[in-house]
Amino acid sequence: MTEWADLRERRLAEPGAAEAYDAARPAFELGRTVRQVRESRGWSQRELADRADMTQSAVARFEAGGTVPTLPVLERLAKALDVDLEVRISPRAPAA
């Protein structure tokens, strides 16, 4: 039986996999953050969806990292959660 870590390592070694993983990371991290804030308030996905004028299934997809949100969606979620939304572009550190 293959362990998850072994399978993950093999998959990330496949051509293009690391780039795809890196591309999916921001959506996953945004979704995880929204879920953590929502849960800290004791809200269900339905409650957040109602407050953000979204469907529960859209919130579920977003929290799972399954969609790349638009700025207006992020703004609605931030307003519903009463949090600040910060969007920035930062220069990368020079490669060593």
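We now turn to the structure provided with this report. (Residues numbered from 1 in each chain as written. Predicted model: local features only at pLDDT ≥ 70, side-chain atom pairs only at ≥ 80, totals over all residues. Heavy atoms only, no water.)

## Side note on the pattern of salt bridges
Here is step 1: Per the stated rule, a full pass over the model turns up 3 salt bridges.
Here is step 2: Glu 39 serves as the salt-bridge partner of Arg 35, at 3.9 Å between the closest nitrogen and oxygen. You can see Arg 35 and its partner Glu 39 sitting in helix α2 (residues 17–40), 4 residues apart, about one turn around the helix.
Here is step 3: Relative accessible area serves as the criterion here: at 29%, Arg 35 is assigned to the partly exposed category.
Here is step 4: Overall, Glu 39 belongs to the partly exposed group, its relative accessible area being 47%.
Here is step 5: The closest approach of N and O atoms between Arg 38 and Glu 39, which form a salt bridge, is 3.8 Å.
Here is step 6: Judged by relative accessible area, which is 7%, Arg 38 ranks as buried.
Here is step 7: Beyond isolated ion pairs, a larger network of salt bridges with shared partners links Arg 35, Arg 38, Glu 39 and Glu 63. (Salt bridge = Lys/Arg side-chain N within 4 Å of Asp/Glu carboxyl O. Helix = DSSP H or I, 4+ residues; strand = E, 2+ residues; numbered from the N terminus. Buried < 20%, exposed > 50% of the residue type's maximum accessible area, 1.4 Å probe, protein only.)

## Observations concerning the layout of surface pockets
Here is step 1: Put simply, the largest pocket is a space of about 560 Å³.
Here is step 2: Pro 26, Leu 30, Leu 74, Leu 85 and Glu 86 are the residues nearest the centre of the largest pocket, which is lined by 21 residues in total. (1 Å grid on protein atoms, 1.4 Å probe; cavity = no way out; pocket = protein on both sides within 12 Å on 5 of 7 lines; lining within 4 Å. Points joined across faces, edges and corners; volume = space filled by probe spheres on them.)

## A look at helix α5 (residues 71–81)
Here is step 1: Among the residues making up α5, those that are buried are Val 73, Leu 74, Leu 77, Ala 78, Ala 80 and Leu 81. Buried residues of α5, viewed axially, fall in a sector of 165 degrees; they line one side.
Here is step 2: Asp 82, located one to two residues past α5, shows a positive phi value of around 55 degrees. (Arc of directions from axis to C-beta.)

## A word on α2
Here is step 1: Helix length check: α2 (24 residues) gives 33 Å between terminal C-alpha atoms against 34 Å at 1.5 Å per residue, within 8%.
Here is step 2: Of the positions making up α2, those classed as buried are Ala 17, Ala 27, Gly 31, Val 34, Val 37 and Arg 38.
Here is step 3: Within two residues after α2, Gly 42 carries a phi angle of roughly 75 degrees, on the positive side. (Expected span 1.5 Å × (residues − 1).)

Coordinates in, geometry out; function isn't part of it.
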